[in-house]
Amino acid sequence: MFDCVPVSFWATISGQVPEPISANFPWLSFSILFPIAGSLLVPFIPDEGEGKQVRWYALGIALITFLITVGAYLKGYNPSEEGLQLSERVSWLPDLGLTWAVGADGLSMPLILLTSFITALAVLAAWPVSFKPKLFFFLILAMDGGQIAVFAVQDMLLFFLAWELELLPVYLLLAIWGGKKRQYAATKFIIYTAGSSLFILLACLAMGFFGTGSPNFEFVHLANQDFGSGFQMLCYGGLLIAFGVKLPIVPLHTWLPDAHGEATAPVHMLLAGILLKMGGYALLRFNAQLLPLAHAKFAPLLIVLGVVNIIYAALTSFAQRNLKRKIAYSSISHMGFVLIGIGSFSSLGTSGAMLQMISHGLIGASLFFLVGATYDRTHTLQLNEMGGVGQKMRIMFALWTVCSLASLALPGMSGFVSELMVFAGLVTDEVYTLPFRIVIAGLAAIGVILTPIYLLSMLREIFFGKENKELLTKRELVDAEPREIYIIASLLVPIIGIGLYPRIMTETFTASIDGLVLRDKIAVEKVISITNNSFETKNLSLLNSSAPSLNPYRAGSN
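Read on for an overview of the structure. All of these numbers come straight from a predicted model, not from anything done at the bench. (Residues numbered from 1 in each chain as written. Predicted model: local features only at pLDDT ≥ 70, side-chain atom pairs only at ≥ 80, totals over all residues. Heavy atoms only, no water.)

### Quick look at unusual backbone geometry
Piece 1. Note that the residue after L247, namely P248, is joined by a cis bond; omega there is 0 degrees.
Piece 2. Within the element layout of this structure, P248 appears in the loop between α11 (229-246) and α12 (255-262).
Piece 3. With an omega of 15 degrees, the peptide bond running from V250 to P251 counts as cis. (Helix = DSSP H or I, 4+ residues; strand = E, 2+ residues; numbered from the N terminus.)

### Overview of the layout of surface pockets
Piece 1. Of the pockets and cavities examined, the largest pocket occupies roughly 860 Å³.
Piece 2. Along the wall of the largest pocket there are 37 residues; nearest its centre are G179, A263, T264, K324 and Y375.
Piece 3. Breaking the lining of the largest pocket down by element, the ones donating at least two residues are α12, α13 (265-290), α15 (323-343), α16 (347-378) and α21 (482-500).
Piece 4. Tallying contributions element by element places α16 first for the lining of the largest pocket, with 6 residues. (1 Å grid on protein atoms, 1.4 Å probe; cavity = no way out; pocket = protein on both sides within 12 Å on 5 of 7 lines; lining within 4 Å. Points joined across faces, edges and corners; volume = space filled by probe spheres on them.)

### Some points on the packing of helix α4 (residues 52-76) against helix α6 (residues 133-152)
Piece 1. Interaxial distance between α4 and α6 falls to 9 Å at its minimum, and their mutual angle equals 10 degrees. Here α4 lies roughly parallel to α6, going by the angle between them. Contact residues: α4 offers V54, R55, Y57, A58, I61, A62, T65 and T69, while α6 offers P133, K134, F137, L141, D144 and I148.
Piece 2. In terms of residue class, the contact of α4 with α6 is made up of 9 nonpolar, 2 polar and 3 charged. (Axes fitted to C-alpha atoms, helices over the stretch in contact; angles between N-to-C directions. Parallel < 35°, antiparallel > 145°, perpendicular 65-115°, else oblique. Contact = heavy atoms within 4.5 Å. Nonpolar A, V, L, I, M, F, W, Y, C, P; charged D, E, K, R; others polar.)

### Observations regarding helix α14 (residues 292-319)
Piece 1. In this model α14 runs 39 Å from its N-terminal to its C-terminal C-alpha over 28 residues, within 8% of the 40 Å that 1.5 Å per residue would give.
Piece 2. The largest bend along α14 reaches roughly 50 degrees and is located at F298, with the proline P300 sitting one to four residues downstream.
Piece 3. With 20 of 28 residues buried, α14 lies mostly within the body of the structure. (Expected span 1.5 Å × (residues − 1). Bend = angle between axes of the 7 residues up to and from the residue. Buried < 20%, exposed > 50% of the residue type's maximum accessible area, 1.4 Å probe, protein only.)

### Looking at the packing of aromatic side chains
Each aromatic ring pair is characterised by the separation of its centres together with the angle its planes make.
Piece 1. Overall, the coordinates contain 27 aromatic pairs when judged by the stated rule.
Piece 2. Between F25 and W27 the ring centres are 4.7 Å apart and the planes differ by 65 degrees, which places this aromatic pair in the edge-to-face class.
Piece 3. Of the residues examined, F25 reaches a relative accessible area of 33% and is grouped as partly exposed.
Piece 4. For W27, a relative accessible area of 14% gives the class buried.
Piece 5. Members of the aromatic cluster, connected to one another through ring pairs, are F159, W163, F219, F243 and F286.
Piece 6. In this structure, K246 packs its charged tip against the face of W163, placed 4.0 Å from the ring centre.
Piece 7. A cation over an aromatic ring shows up here: K324 above the ring of Y375, its NZ or CZ 5.5 Å from the ring centre. (Phe/Tyr/Trp six-rings, centres within 6.5 Å; stacked < 30°, edge-to-face > 60°. Lys NZ or Arg CZ within 6 Å of the ring centre and 35° of its normal.)

### Concerning the nonpolar core
In summary, soluble globular proteins display a tendency toward joint burial of nonpolar side chains.
Piece 1. Within the largest apolar cluster, 168 residues are counted, with the highest numbers of intra-cluster contacts made by M156, F159, F243 and W400.
Piece 2. Per-element tally for this core: the top contributor is α13, with 17 residues.
Piece 3. Setting aside chain neighbours within four positions, we find M156 in contact with I200, A203, C204, M207, F217, F219, L222, L239 and F286.
Piece 4. Counting 23 residues, the second largest nonpolar core, distinct from the first, contains I303, V422, A523 and V527. (Core = buried A, V, L, I, M, F, W, Y, C linked by side-chain atoms within 4.5 Å.)

As structure tokens, then:
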């Protein structure tokens, strides 16, 4: 009966307004633990062996998880605030300094939503799976909780455990349900990712045990530590290797084309839509936010590596005749814009990197789902064997066309906005010299030119190339099904929505990005000041000669 009592009455008699139940609800812990707990019940689902019952159960768990993350955003997250929100903290193993600490800010909340959204669609994409369906959906649901944890946890040791949790499901999904070379692809994936994870553990222990007192791995504590420049450089280098494998950064990328070449459609969606974004998020969270002095020195390298990613992967994609590998290299190319945005010291450029991760998560998932759907019909991945299927699969051609246009950054799509923000942020970034900005922007534009060439030529070869009469006579060469149309439509709604009105997404992380960029700019000023003082002390007058300077920074940058 007290539900009808006005809030002002409670404020009058108690002196304070009672918090709503939703404010104290453990949204993030629930979104992590619910799908993991749901996966543990999968073996007990009565099923006849073809997965008809367990797939409905898995879809229900994934959809509820998505609704939980949406509830967290609507009920407990304020986009205008820079700091950590939805915080939950429980001392877990105090002797080891391990704390169950979760929370969300502008760097993590959009990716938490993306993870639960893509996973729900991946479960729907896995509808035809009939081989060991219980194990398949168990791994998908376990990955859902693990990947949300990567973005939500606020303790570096806990982050490492969550990072490792998602490796085993991906390995098994590749090794059991992959193509002919699945064992090779799965083994290469685990060697690259698990091997590079050692750098995360070493950096985690070094940062957590830094200084005196008991170990503390919480992000808030680490951000306030006075790490020396040399210490930051060592940790930054190790973390760059670890996260560079997952992003992936050339030349640490070779596991990705092999993994995509053997994966099934739902695993494709998880790899392209979520897994790659873990690397970009970690670079922002750890390298840029917790190690600002080292980031001030490494940032130009990130930009150069981003350009290498864009050009090298675009040229390699142009030469690929295997459809899966072509789209895989296209993903590597697009992630180069994320590196450039992270390396910039402008809010616009860094926001562009964040938006590019979200945009590519949606676009990459859509393209790889279509690759899987096309392979199910044609049973081939070679472009020269797919010609002329446009007459029989007109709806499929339309879906391919729209998603490809989104990938090549057509105005009105999310990819255009994110790449434009990265370019504009870089060229207006006064921390770098004008020649450096012009050269980088000019080289990155090469990738923008190559992308529509190889994507549109790919569409022409698949749907309107030389007809393969044997392929055209196959009965299973049917057009898109309602389930497939629904999946692509669900992905296109946010792709077009963000393209037409970017603020619907950028407002969720602008405050956090502004704070991050300000911290890094202060670090740049400190690095330049130390460098200038060092030059004056040593009286290195030769630096003022007419020889061109290789320093990408402007002197006395603000």
